[in-house]
Amino acid sequence: MQKSQSALQGLYLTFTLNQQTFGMSIEAVREINQLPEITPVPNTPVCVAGVINLRGKVVPVVDLRRKFNLHQKGFSRDTCVIIVEGHQGQVAAIVDSVASVVNFTRENIEIPPTLIQDASSDAILGLGKAGQEVVILLDIARAVDTDQIHSITALPGTENPRVA
C-alpha cells in the first residue's frame, strides 16, 4: 500500500550510493559507524556482506549497492555503516557516505512514477526534492529485511565474530 505525501513527510538521513542521494527516516537510524571488519557468512544472499560484532551483539550487514544492483566499487574512507532498526532487529547498511539530515514536507515529496514501481522497488517510498536534487526516499526496514538475513545470526559460529 502506497503512503501519501503527508505520511512521508519528516526528517530523513540522506546518504549516497553510486553518486545518487537516498534518504531514510531518521526514526529508523540507531547509529552511524565507520566501516568495521565484516565476517563473511557462507550461503547468504548476494546483498549480505556478512556480520559484525556490535558491542557483543551479532548484526547482519547489507551492502545497499548490491541490494539495489548498483555498480560495485571499493570502499573509501567515507564508506560507513548505518545501524538501522529493521522489522526483525538491527541491521547494518553499508553506504558510500552520509550527507545530512533533511526535513521533507508534503510539498517536496512525490510518489514514484508507476514505471519504477515493481517488486524490486518496493522499498522506494517516494521521491524527495531538495533544491535541484532528487532524493530517493526508502523504507529502510523493507530494504534490509529478509528472513534469510536474520537467520544468519542464528548460525553456529556467528555468536562472537572477530572484529578489528
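Each chain carries its own residue numbering, running from 1 in the written order of its sequence. For a predicted model such as this one, the threshold for reporting local features is a pLDDT of at least 70, and the threshold for listing and counting side-chain atom pairs is 80 or more; totals across whole chains, interfaces and linings nevertheless cover every residue. The basis for the side-chain values is all heavy atoms of the structure; hydrogens and waters are excluded.

*Asks:* Whenever I open this one, the overall build of the protein confuses me. Can you help?
*Replies:* The helix and strand tally for the protein stands at four helices and 11 strands. For the exposure calls, accessible area comes from a 1.4 Å probe over protein chains only, and a residue counts as buried if that area is under 20% of its type's maximum, exposed if over 50%, partly exposed in between. Buried positions account for 45% of the 164 residues belonging to the protein. Any two residues whose heavy atoms approach within 4.5 Å at even a single point are treated as in contact. Sequence separation of at least 24 residues holds for 60% of the intrachain contacts in the protein that already meet a minimum separation of 6. Accessible surface computed for the protein: about 9,000 Å², of which carbon and sulfur atoms make up 50%. Counting from the N terminus, the helices are the DSSP runs of H or I reaching at least four residues and the strands are the DSSP runs of E reaching at least two. Surface accessibility follows the Shrake-Rupley procedure with a 1.4 Å probe radius. Residue values consider only the protein chains on display as shielding.

*Asks:* Just to check I follow, could you spell out the sheet that holds strand β7 (residues 89-95) for this structure?
*Replies:* Pairing between sheet strands relies on hydrogen bonds along the backbone, with the strands arranged either parallel or antiparallel. Read from one edge to the other, the open sheet built from five strands follows the order β3-β6-β7-β5-β4, with strand pairing classed as mixed. Here the strands that pair on one side only, and so sit at the sheet edges, are β3 (29-34) and β4 (48-54). Here the average twist between neighbouring strands, direction ignored, is 30 degrees. Strands were regarded as paired on the criterion that DSSP finds at least two bridges between them. As judged from the six bridges shared by β4 and strand β5 (residues 57-63), these two strands associate in the antiparallel manner. Note on β5: the bridge partner recorded for I52 is V59. Note on definitions: angles span 0 to 180 degrees between N-to-C directions of axes, and those axes are lines fitted to C-alpha atoms, for helices only across the stretch in contact.

*Asks:* Please explain the confidence of the model for the protein as it appears in this structure.
*Replies:* As a general rule, the predicted coordinates of low-pLDDT regions are not to be interpreted in detail. The score called pLDDT rates the predictor's confidence residue by residue, from a low of 0 to a high of 100. Averaged over all residues, the pLDDT of the protein is 85; the fraction at 70 or higher stands at 81%. Note on residues 158-164: pLDDT is under 50 here. Beyond four places in sequence and across chains, it has 17 contacts.

*Asks:* What exactly am I supposed to notice about the environment of A141 here?
*Replies:* With respect to the helices and strands, the residue A141 is situated in helix α3 (residues 140-144). Sequence separation between A141 and G89 is 52 residues; the distance between their C-alpha atoms is 9.3 Å. Here A141 is in contact with E85, G86 and H87, once residues within four sequence places are set aside.

*Asks:* What is the right way to look at the side chain of T21 in this model?
*Replies:* Looking at the element boundaries, T21 is found in strand β2 (residues 20-25). For T21, a relative accessible area of 8% corresponds to the buried category. Separated by 2.4 Å, the side chains of T21 and E133 make a polar contact. Setting aside residues no more than four positions away along its own chain, T21 makes contact with T14, F15, T16, E133, V134, V135 and I136. Here a polar contact is recorded for every N or O atom pair within 3.5 Å, except that within protein the pair must consist of a potential hydrogen donor and a potential acceptor, and residues adjacent in sequence are included only if both atoms are side-chain atoms.

*Asks:* How should the packing of aromatic side chains be read in this particular structure?
*Replies:* For any two aromatic rings, the description comes down to two numbers: the centre-to-centre distance and the angle of the planes. Whether two aromatic rings pair depends on their centres lying within 6.5 Å, for rings of Phe, Tyr and Trp, where Trp uses its six-membered ring; planes under 30 degrees apart make the pair stacked, over 60 edge-to-face, and the rest tilted. In the structure shown here, the tally under the stated rule is three aromatic pairs. Ring geometry for Y12 versus F104: centroids 5.6 Å apart, planes at 75 degrees, classification edge-to-face. One end of the pair, Y12, is in strand β1 (residues 10-17); the other, F104, is in strand β8 (residues 97-104), and 92 residues separate them in sequence. Look at Y12 and you get buried, because its relative accessible area is 4%. A residue is classified by how much of its surface remains accessible, and F104, at 1% relative accessible area, is buried. Summarising the aromatic geometry, the rings of F15 and F22 are spaced 5.8 Å apart at their centres and angled 15 degrees between planes, so their arrangement reads as stacked. Classification of F15 by relative accessible area gives buried; the value is 0%. By relative accessible area, which is 6% here, F22 ends up buried. By the ring-pair criterion, three or more aromatic residues cluster together here, those being F15, F22 and F68.

*Asks:* Help me understand the nonpolar core, please; the structure alone is not making it clear to me.
*Replies:* Grouped burial of nonpolar side chains is what soluble globular proteins tend to show. Put simply, buried Ala, Val, Leu, Ile, Met, Phe, Trp, Tyr and Cys residues joined by side-chain atoms within 4.5 Å make one nonpolar core. In terms of nonpolar packing, the biggest core is built from 25 residues, with F15, M24, L64, I82, I140 and V144 touching the most fellow members. Mapped by element, the contributors of at least two residues to this core are β1, β2, β6 (80-86), β7, β11 (133-138) and α3. Setting aside its immediate chain neighbours within four residues, M24 contacts L11, Y12, L13, F15, V29, I82, V84, L138 and I140. Counting residues in each nonpolar core, the second largest holds eight residues, with V61, I83, A92 and I94 among its members.

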